[in-house]
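Here is what each chain is made of, one letter per residue.
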Amino acid sequence: MVYSMNAPQTQSQIEAVARLLAQAGQVVALTGAGISVESGIPAFRGSQGLWEKYDPMEFASIEAFIADPQRVWGMLLELDHLVRSARPNPAHEALARLERAGRLSGVVTQNIDGLHQAAGSRFVVEFHGSGRRLVCLSCGRQVRRGEVLMEVLPPRCPCGGVVKPDVVFFGEPIPEREAMTAFAMASSCQVMLVVGTSAVVAPASHLPVLAKQAGAKVVEINLEPTGLSRHVSDYVFHESASAVLPRLAQAVEDLLGGQD
Ligand SMILES: [Zn+2]
């Protein structure tokens, strides 16, 4: 049964989900681009700015990168500027609050912007890697920014190999350790919060379904209806995450405070 969230019912539904979070053994959040839009990072799917200028399949596919790393790095640096100037928004901060309150085991994110960590979340599984790290395509070593010259593109590892951001490009597999951790979290949680992701890109898309099959309640916070809304989600908020999550965190804190 789906509890659709129209504005007048929102507060009672927030309280219902807060009770769920206050009682659940393990709560996991799955986040995607939607949570960072209000931090100024345009969603991958959609028609804003950068993606109109650059075809994601062109600058974010491993084939394109290998074919012309200099050109792709030129595009990546423009994205890099956007990510570096972005700050966490109230949705990121609310998830960090839930973790501090002992009510969130961890965040599995498809984002590469590092905003969960910047907000104070400690257990973050970066399903698609991190834009803050670089990796050498020749020796496989993780390379720190300070070790490479960004003035000459493409930047190179001390071994001479071309480095790329340590993020999952189209055509590359999800890092094995992150994938295993995320799947273990999904199959052992009692509540999964799905925030700002339509969960259409595999294998991240399997996580809410896996959680549901293992008996978890799925709470979805997405502006628009998604493929999960009707059949997978137990609670659906079609509102911005930065509006819903702080209220949810507050309601959970109120409940926990009342137990003392
Ligand atoms: Zn190297």
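Residues numbered from 1 in each chain as written. Predicted model: local features only at pLDDT ≥ 70, side-chain atom pairs only at ≥ 80, totals over all residues. Heavy atoms only, no water.

### Remarks on the overall build of the protein chain
The helix and strand inventory of the protein chain stands at ten helices and ten strands. Seen along its three principal axes, the alpha-carbon backbone of the protein chain occupies a region of about 60 × 35 × 30 Å. Looking at the protein chain residue by residue over its 260 residues, the buried ones come to 51%. Within the protein chain, contacts between residues separated by at least 24 positions form 67% of all contacts whose residues are at least 6 apart in sequence. Carbon and sulfur atoms provide 53% of the accessible area of the protein chain, an area that totals close to 12200 Å². For the protein chain, the separation between the mean place of its 22 positive charges and that of its 26 negative charges on side chains is 4 Å. (Helix = DSSP H or I, 4+ residues; strand = E, 2+ residues; numbered from the N terminus. Buried < 20%, exposed > 50% of the residue type's maximum accessible area, 1.4 Å probe, protein only. Contact = heavy atoms within 4.5 Å. Areas by Shrake-Rupley, 256 points an atom, 1.4 Å probe, with all protein chains shown as cover. Lys, Arg positive; Asp, Glu negative; His and termini not counted. Charge placed at Lys NZ, Arg CZ, Asp CG, Glu CD.)

### With respect to helix H1 (residues 10-23)
Given a rise of 1.5 Å per residue, 14 residues ought to cover 20 Å, and the 20 Å separating the end C-alpha atoms of H1 matches this to within 8%. For H1, every residue scored as buried is listed here: Thr 10, Gln 13, Ile 14, Ala 16, Val 17, Ala 18, Leu 20, Leu 21 and Ala 22. (Expected span 1.5 Å × (residues − 1).)

### A short note on the nonpolar core
Among the nonpolar cores identified, the biggest contains 32 residues, and Leu 21, Leu 95, Leu 98, Val 191, Leu 193, Val 219 and Leu 245 are the most heavily contacted of them. Counting residues per element, the ones that place at least two in this core are H1, strand S2 (27-31), helix H6 (90-100), strand S8 (191-195), strand S9 (217-221), strand S10 (235-237) and helix H10 (241-259). The biggest single contributor to this core is H10, with eight residues. Counting 23 residues, the second-largest nonpolar core is a separate cluster that includes Ile 41, Trp 73, Val 163 and Phe 169. (Core = buried A, V, L, I, M, F, W, Y, C linked by side-chain atoms within 4.5 Å.)

### Some remarks on the packing of aromatic side chains
If you walk through the whole model with that rule in mind, you get one aromatic pair. For the pair Phe 65 and Phe 169, a centre-to-centre distance of 5.6 Å together with 80 degrees between the ring planes defines the contact as edge-to-face. A residue pair is termed long-range when its members are at least 10 positions apart, and Phe 65 in helix H4 (residues 62-67) and Phe 169 in the loop between strand S7 (163-167) and helix H8 (176-188) qualify at 104 residues. We classify Phe 169 as buried; its relative accessible area is 4%. (Phe/Tyr/Trp six-rings, centres within 6.5 Å; stacked < 30°, edge-to-face > 60°.)

### Topic: the coordination of the zinc ion
All of the protein donors around the zinc ion are Cys 136 (SG), Cys 139 (SG), Cys 157 (SG) and Cys 159 (SG); their distances to the metal are 2.3 Å. Relative to the metal, the four donor atoms surrounding the zinc ion lie at angles of 105 to 119 degrees, and the coordination shape comes out tetrahedral. All donor residues of the zinc ion come from one chain, and their arrangement in sequence is C-x2-C-x17-C-x1-C. Residue classification places Cys 136 among the buried positions, given a relative accessible area of 2%. A relative accessible area of 43% places Cys 139 in the partly exposed class. (Donors = N, O, S within 2.8 Å, 3.2 Å for Na, K, Ca; no water. Tetrahedral: all angles 85-135°; square planar, octahedral: opposite > 155°, others 65-115°.)

### Points about the pattern of salt bridges
Applying the stated rule across the entire model yields nine salt bridges. Residues joined in a network through salt bridges with shared partners are Glu 126, Arg 132, Arg 133 and Asp 166. (Salt bridge = Lys/Arg side-chain N within 4 Å of Asp/Glu carboxyl O.)

### Observations concerning the sheet that holds S7
Spatial ordering of the open sheet is given by S6-S5-S7, a layout of three strands whose pairing is antiparallel. Because the sheet does not close on itself, it has two edges, and the strands there are strand S6 (142-143) and S7. (Pairing = 2+ DSSP bridges.)

### Some details on unusual backbone geometry
Along the chain, Leu 153 connects to Pro 154 via a cis peptide bond; the corresponding omega equals -5 degrees. Tracing the chain through its elements places Pro 154 in the loop between S6 and S7.

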